[in-house]
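The primary structure of each chain is shown beneath.
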Amino acid sequence: MKRLLFTAVMATAFFFGTSAQTVINNDYSSPITGADGQGVSQSSDDEAESYSYGAVGFYSFDGFENWGIAYGGINPNGIGLDFAFRMNFKEHGNFNVDVLLNYSVGLVSNGSTQVALTFALGPSFRTQDELKGVNSKGNLEWENGKFFCDGVVNPRLSVKLGKLALSAGYFYWAPKFKFSKDDGATGGFNCSLGLSF
């Protein structure tokens, strides 16, 4: 029940906090007059435009995986945001809400096709049962629904093909912002598939 309430509150806050972006197109076909009165033609190269996306994501870690939904914005050669709700469906598994800042370096912009190298980092808010020990009968004892704040680093390739939004990269997860393997830090492959708008 706590997970459901937590998800509903975070989703409501997230969706009411988003706003639409207006893109103004310029007409570069008219010449610009130089100091000598001669017309100077301006470059008509495509410039990468920022876009938002919604996607389903997969996260592969050492010995387990997460599935989730993601929403965010890619701004080539600028700053954007990533939000993700991800979880492990096994008993005592994690439920995370990732809230990340990203910076994207535009690599390709050709009409409706864009490719960018995106680097994202930020906090991840997690609820998960915590192992407390073994009781006198030899059974594991758990404390249910503990809350944690973790760190996330996610370098990836972001691709937009028309309305299709794809990404693939590396996802590093540092529980309680502890980055050593002894403290449970783990990294693995991450990919997502969705739509841009």
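Structure: see above.
This structure is a prediction, so every number in the text was calculated from the model and none was measured.

Calculation notes
- By convention here, each chain's residues receive numbers from 1 onward along its written sequence.
- Confidence filtering applies because this is a predicted model: local features only for residues at pLDDT of at least 70, side-chain atom pairs given and counted only at 80 or more, and all residues used for totals across whole chains, interfaces and linings.
- As a rule here, side-chain values cover all heavy atoms of the structure and leave hydrogens and water aside.
- A pair of strands counts as paired when DSSP detects no fewer than two bridges linking them.
- Helix and strand assignments follow DSSP, with helices taken as H or I runs no shorter than four residues and strands as E runs no shorter than two, numbered in order from the N terminus.
- As a rule, the C-alpha atoms of each element are fitted with a line to give its axis, helices using only the stretch in contact, and angles between N-to-C directions run from 0 to 180 degrees.
- A carboxyl oxygen of Asp or Glu within 4 Å of a side-chain nitrogen of Lys or Arg is what we treat as a salt bridge.
- Think of it in three bands: residues with accessible area under 20% of the maximum for their type are buried, residues over 50% are exposed, and the middle band is partly exposed, with areas taken using a 1.4 Å probe on protein chains only.
- A cavity, in this analysis, means grid points on a 1 Å lattice covering only the protein atoms where a 1.4 Å probe fits yet has no way out; a pocket is instead an open set bounded by protein on both sides within 12 Å along at least five of seven lines, and a residue lines either one if it has an atom within 4 Å of a point.
- Grid points are joined across faces, edges and corners, and a volume is the space filled by probe spheres set on the points.
- Charged residues are taken to be Asp, Glu, Lys and Arg, nonpolar residues to be Ala, Val, Leu, Ile, Met, Phe, Trp, Tyr, Cys and Pro, and polar residues to be all remaining types, Gly included.

Peer 1: Sorry, what's going on with the sheet that holds strand β8 (residues 140-161) here?
Peer 2: Backbone hydrogen bonds are what pair the strands of a sheet, in a parallel or an antiparallel way. Ordered in space as β3-β4-β5-β6-β7-β8-β9-β10, the eight strands form a closed barrel in which the pairing is antiparallel. Strand-to-strand twist across the sheet, computed as the mean angle between neighbouring axes with direction ignored, equals 25°. Inspection of the sheet shows β8 paired to strand β9 (residues 164-174) by nine bridges, in the antiparallel sense. Pairing of L157 across the sheet is with A168, part of β9.

Peer 1: Looking at this model, I keep getting lost on the pattern of salt bridges. Mind explaining?
Peer 2: Where charged atoms from two side chains of opposite charge come close, those side chains can pair. For the structure on display, the rule yields six salt bridges. Note that K146 is salt-bridged to E130, the shortest N-O span being 3.7 Å. On the criterion of sequence distance, the pair formed by K146 in strand β8 and E130 in strand β7 (residues 113-134) is long-range, its members being 16 residues apart. With a relative accessible area of 25%, K146 lands in the partly exposed category.

Peer 1: Help me understand empty space enclosed by the protein in this model?
Peer 2: Any empty space left between the atoms is revealed when a probe the size of a water molecule rolls over them. Scanning the model with the defined rule gives two cavities of 30 Å³ or more in all. Estimates place the volume of the largest cavity at around 220 Å³. Every element with two or more residues in the lining of the largest cavity is listed here: β3 (51-61), β4 (64-74), β5 (78-87), β6 (95-110), β8, β9 and β10 (186-196). Among the elements that take part in the lining of the largest cavity, β3 stands out by supplying five residues, more than any other. Here the lining of the largest cavity is composed, by residue class, of 13 nonpolar, six polar and three charged. Quantified by volume, the second largest cavity comes out at close to 40 Å³. The wall of the second largest cavity is formed by A48, Y51, I74, P76, G106, V108, Q114, V115, A116 and S158. Of all the secondary structure elements, the ones that give two or more residues to the lining of the second largest cavity are β6 and β7. Ranked by residues supplied to the lining of the second largest cavity, first place goes to β7 with three residues. Residues of the lining of the second largest cavity, tallied by class, amount to seven nonpolar, three polar and no charged.

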